[in-house]
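One letter stands for each residue in the lines below.
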Amino acid sequence: MKQIAAAALLLLLAGGSAGAEQNQEGASMLVSNCGQLVHLARPPRRAVSVNQAATELLLSLGLEQRMVGTAYLDAAVRPDLLSAYRQVPVLAAKAPGRESLLAEEPDFVYATFGGMFSDASLGSRSFLHELGIATYVSPVFCPGRKQPLTLEELLGEILDIGSIFNVQQRAKAVTAEIRQQVERTSAKLKGQPPVRAFLFDMDDRSPYTAGRLGSQQLLLTLAGAENVFSDIEARMANVSWEAVLERDPEVIIIVDSLWSTAAHKLHLLQSNPALRQLRAVRTGRLVTMPFPDLMPGIRFGGSVEKLAAALHPETETSLTKEHP
């Protein structure tokens, strides 16, 4: 046990991504996640997932029988996971309240977004830990993050969850597939100049877009795009339409979600006289992506491939000619 604790502390001191010690059924372990040491007496048996990326990862690892609840979808569940998803109780359309969560007697709560762990929602991580409930947050959403997300960190989260639930081989298979998709895309894009792109997420009064620190930035880079707002030191941030017009992107990636549909944003771009002058709007280079495709998790490799094909259709054509 002392060796396990020492190893976990070394992970923190080294400033590495979240990591988990080898976990066997009935064995105690410590996990380092967002600067916190989380104790697990055994692999979780009553897990709750909040946010779609977390839910789909657990389902993809075949863990639906160890889940007692899920919450907060952003779009439709991936079709191949729908049957497993229907076996898990839905606790709330958005984040369940603390009382609703505790009523399920969970031993593990996994959320993509760290903001879910607040007094107004699930309760703080420290509060839940005091009750013996382990928690995990996607590393990209650790508070105070200062460095861009890397592919290794993104894959590391999947491996962490595999270790926590003692399904390491399944997790390794998922990460291997994502890595292959990214490498295949990189080979296709070799020699292609990046396309200047603007990610259009929400528009309350000013557009919400990707900065340099989040999974969206990593996705854009791997798909052969140059984020026109990569100078912003944030995962996501509001910018002005004046700044968008000034940077005049070649392509606009429109995010589709339940709370901010692509149809609404497309109408805005095409009906506003000023925004119609954007090069991407004039040339019709408008790409729609579901919100979950932009998050860390099991969709990431496929998202890189799909976005690259949309941004660089010439690479798909040339490959078809070379390999009929």
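In what follows, the structure referred to is the one given above.
Read on for an overview of the structure. Keep in mind that what you see is a predicted model, and the values were worked out from it rather than measured. (Residues numbered from 1 in each chain as written. Predicted model: local features only at pLDDT ≥ 70, side-chain atom pairs only at ≥ 80, totals over all residues. Heavy atoms only, no water.)

Our focus in this paragraph is the sheet that holds strand β14 (residues 286-290). The sheet built from 4 strands is open, its strands ordered β11-β9-β13-β14 with parallel pairing. Strand pairing shows two members of the sheet lacking a second neighbour, β11 (225-227) and β14, which therefore form its edges. Recorded for the sheet is a direction-independent mean angle of 35° between the axes of neighbouring strands. Two elements, strand β13 (residues 251-256) and β14, share 5 bridges in a ladder whose sense is parallel. Bridge pairing links Ile 253 to Val 287 in β14. Where helix α8 (residues 215-222) meets the sheet, its contacts fall on β9 (195-200), β11, β13 and β14, and the angle it forms with β11 comes to roughly 145°. Helix α10 (residues 262-271) contacts β9, β13 and β14 of the sheet and is inclined by roughly 145° relative to β13. (Pairing = 2+ DSSP bridges. Helix = DSSP H or I, 4+ residues; strand = E, 2+ residues; numbered from the N terminus. Axes fitted to C-alpha atoms, helices over the stretch in contact; angles between N-to-C directions. Contact = heavy atoms within 4.5 Å.)

A word on the side chain of Ser 260. Residue placement: Ser 260 occurs in the loop between β13 and α10. Discounting chain neighbours no more than four positions away, the residues touching Ser 260 are Asp 201, Met 202, Val 255 and Lys 265.

What follows concerns the state of the cysteines. The tally for this structure, following the rule as stated, stands at 1 disulfide. Here Cys 34 engages in a disulfide with Cys 142; their sulfurs sit 2.0 Å apart. Its S-S torsion of approximately -80° makes the covalent link between Cys 34 and Cys 142 left-handed. In this pair, Cys 34 is assigned in the loop between β2 (29-33) and β3 (36-40) and Cys 142 in the loop between β8 (134-137) and α6 (151-164), connecting sequence segments 108 residues apart. Classification of Cys 142 by relative accessible area gives buried; the value is 13%. (Disulfide = S-S within 2.5 Å. Buried < 20%, exposed > 50% of the residue type's maximum accessible area, 1.4 Å probe, protein only.)

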